[in-house]
Amino acid sequence: SSGALEQEGEIMFQEGEIMQVFQEGRKINETFYIIEMATDGRCLYIDATGPEARNGEQETLQLTIKEKIHRQIHRELNGDYSLIANHLVVHKGEL
């Protein structure tokens with residue numbers, strides 16, 4: 001069903017379209033990150049960009065949450081992506 005619209009909460013998505021749903025600075029494990037979340041109406045894509053390192057590079061941690069878990073979390077937290085951001089942790093260099 002190419003081009004079909006799919007409903008996720010109140011937001012309508014064109015198939016294949018990525019929409020940013022959250023962007024905010026947050027501390028994770030005492031380090032400040034810029035948290036960005038986007039979704040295609042199915043999966044949730046999370047990027048956490050850390051501070052600039054001494055070598056001038058920035059570390060970006062990435063996490064993809066599959067559709068089933070994304071929908072479950074979305075329902076449980078009433079679509080509030082900031083609550084998802086509150087639960088993020090970095091463990092062994094991974095988000």
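Structure: above.
Residues numbered from 1 in each chain as written. Predicted model: local features only at pLDDT ≥ 70, side-chain atom pairs only at ≥ 80, totals over all residues. Heavy atoms only, no water.

Enquirer: Sorry if this is basic, but what is going on with the nonpolar core here?
Expert: Within soluble globular proteins, side chains that are nonpolar tend to cluster in buried spots. Among the nonpolar cores identified, the biggest contains 16 residues, and I28, Y33, I35, M37, L44, I46 and L95 are the most heavily contacted of them. Those elements that place two or more of their residues in this core are strand 3 (19–28), strand 4 (31–39), strand 5 (44–52), strand 6 (58–65) and helix 2 (81–86). Once residues lying within four places of it in the same chain are set aside, the contact partners of L95 are I28, I46, A48, L61, Q62, L63, L88, V89 and V90. (Core = buried A, V, L, I, M, F, W, Y, C linked by side-chain atoms within 4.5 Å. Buried < 20%, exposed > 50% of the residue type's maximum accessible area, 1.4 Å probe, protein only. Helix = DSSP H or I, 4+ residues; strand = E, 2+ residues; numbered from the N terminus. Contact = heavy atoms within 4.5 Å.)

Enquirer: I tried to follow the side chain of T39 on my own but got confused; where do I start?
Expert: Relative to the helices and strands, T39 is located in strand 4. Within the structure, the side chain of T39 is placed 2.7 Å from the backbone oxygen of C43, a separation counted as a polar contact. (Polar contact = N/O pair within 3.5 Å; in protein donor to acceptor, adjacent residues only side chain to side chain.)

Enquirer: Teacher, can you tell me more about the sheet that holds strand 5 here?
Expert: Strand pairing in a sheet is mediated by backbone hydrogen bonds. Such pairs are either parallel or antiparallel. Read across the sheet, four strands follow the order 3-4-5-6 without closing on themselves; strand pairing throughout is antiparallel. Here the strands that pair on one side only, and so sit at the sheet edges, are strand 3 and strand 6. Across this sheet, the average inter-strand angle for adjacent strands is 20 degrees, counted without regard to direction. With six bridges connecting them, strand 4 and strand 5 associate as antiparallel partners. Note on strand 5: the bridge partner recorded for I34 is T49. Helix 1 (residues 67–76) contacts strand 4, strand 5 and strand 6 of the sheet and is inclined by roughly 90 degrees relative to strand 6. (Pairing = 2+ DSSP bridges. Axes fitted to C-alpha atoms, helices over the stretch in contact; angles between N-to-C directions.)

Enquirer: Looking at this structure, how should I read empty space enclosed by the protein?
Expert: Empty space among the atoms can be located by rolling a probe the size of a water molecule over them. For the structure shown, the criterion picks out one cavity of 30 Å³ or more. Considering only enclosed or pocket space, the largest cavity measures out at about 30 Å³ in volume. What lines the largest cavity is simply I73, H74, L77, G79, D80, Y81 and I84. Contributing elements (two or more residues each) for the lining of the largest cavity: helix 1 and helix 2. Residue classes in the lining of the largest cavity are distributed as four nonpolar, two polar and one charged. (1 Å grid on protein atoms, 1.4 Å probe; cavity = no way out; pocket = protein on both sides within 12 Å on 5 of 7 lines; lining within 4 Å. Points joined across faces, edges and corners; volume = space filled by probe spheres on them. Nonpolar A, V, L, I, M, F, W, Y, C, P; charged D, E, K, R; others polar.)

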